[in-house]
Amino acid sequence: MNSLQRLCSGSLALSTAFWGYLIGGGLALLVAESVIGGVSVMAYPTARVPIYVAGFFILWAYLFIASFGTWRCASAAKTGSLRIVARVFVILLAVWFLFRLSNSNGVIAMLRGTWQPGSYLRGTAK
């Protein structure tokens, strides 16, 4: 059984699921996406919208899987304060996701087709 299957089944240690996958993996993916996305947008300015939208969905898909697995690992853990911290963090992450979807942020506006670039981007945006 690979580690992602073990994470989703809740059979990993909670500290590995929380610190390794949710926090560490989420931050590593965010940094990688920022670098790759920034370089891609600089090389292809007209691809800004698809790059931002793809990055948004990739990050949140990973965070959903890591949160699901962390929650299951927290359920499997019988004692310890980390199980409470992990569940609170997953709940806060879910609230933040819903807030980001409900607000008029850039990615949602891009999907709706209502996004307007700022003055500093007007020459590079489609």
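Look up a bit, the structure's there.
The structure contained in this document is the topic of the report that follows.

What counts and what doesn't
What you see as residue numbers is a count from 1 along each chain, following the sequence as written. A pLDDT threshold of at least 70 governs which residues receive local features in this predicted model, and a stricter bar of 80 or more applies before side-chain atom pairs are shown or counted, although totals over entire chains, interfaces and linings include all residues. Calculation of side-chain values draws on the structure's entire complement of heavy atoms; hydrogens and water are dropped beforehand. Helix and strand definitions here come from DSSP, where helices need a minimum of 4 consecutive H or I residues and strands a minimum of 2 consecutive E residues; each element is numbered from the N-terminal end. Contacts between residues were defined by any pair of non-hydrogen atoms, one from each residue, lying within 4.5 Å. To measure how exposed things are, a 1.4 Å probe is used in the Shrake-Rupley method; for residues, cover is taken only from the protein chains shown. Like-charged residues are merged into a patch within 9 Å and nonpolar side chains (Val, Leu, Ile, Met, Phe, Trp, Tyr) within 5 Å, provided each residue has over 30% relative accessible area and no salt bridge. For this document, the term salt bridge refers to a Lys or Arg side-chain nitrogen within 4 Å of an Asp or Glu carboxyl oxygen. Paired rings are identified among Phe, Tyr and Trp, the last through its six-membered ring, by centres lying within 6.5 Å, and are further divided according to the angle between planes into stacked (under 30 degrees), edge-to-face (over 60) and tilted (the rest). Burial classification: accessible surface area is computed with a 1.4 Å probe over protein chains only, and a residue below 20% of its type maximum counts as buried, one above 50% as exposed, and the rest as partly exposed.

Observations concerning the overall build of the chain
So, step 1. Along the chain, the regular secondary structure elements total five helices and zero strands.
So, step 2. Shown N-terminal to C-terminal, the secondary structure of the chain runs as helices and strands in the order α-α-α-α-α.
So, step 3. Taking all contacts inside the chain whose residues are at least 6 apart in sequence as the whole, residues at least 24 apart take part in 70%.
So, step 4. By element, 69% of the accessible surface of the chain is carried by carbon and sulfur atoms, the whole surface being about 7,900 Å².

Some details on a nonpolar patch on the surface
So, step 1. A surface patch of nonpolar side chains, about 390 Å² in accessible area, is lined by Leu4, Phe64, Ile65 and Phe68.
So, step 2. At three residues, helix H3 (residues 48-76) tops the list of elements feeding residues into the nonpolar patch.
So, step 3. Mapped onto the elements of the fold, Phe64 is located in helix H3.

Things to note about the packing of aromatic side chains
So, step 1. Evaluated as defined, the whole model comprises five aromatic pairs.
So, step 2. Here the aromatic rings of Phe18 and Phe89 are separated by 5.6 Å at their centres, their planes lie at 90°, and the arrangement is edge-to-face. Placement of Phe18 in helix H2 (residues 14-43) and of Phe89 in helix H4 (residues 82-102) is noted, with a sequence separation of 71 residues between them.
So, step 3. Accessibility expressed as a relative area gives 3% for Phe18, which makes it buried.
So, step 4. With centroids separated by 4.8 Å and ring planes inclined at 50°, the aromatic side chains of Trp60 and Phe97 adopt a geometry described as tilted. With Trp60 in helix H3 and Phe97 in helix H4, this residue pair connects regions lying 37 residues apart in the sequence.
So, step 5. For Trp60, a relative accessible area of 11% translates into the label buried.
So, step 6. Owing to a relative accessible area of 25%, Phe97 belongs among the partly exposed residues under this scheme.

Everything listed is a geometric property; what it means functionally is a separate question.
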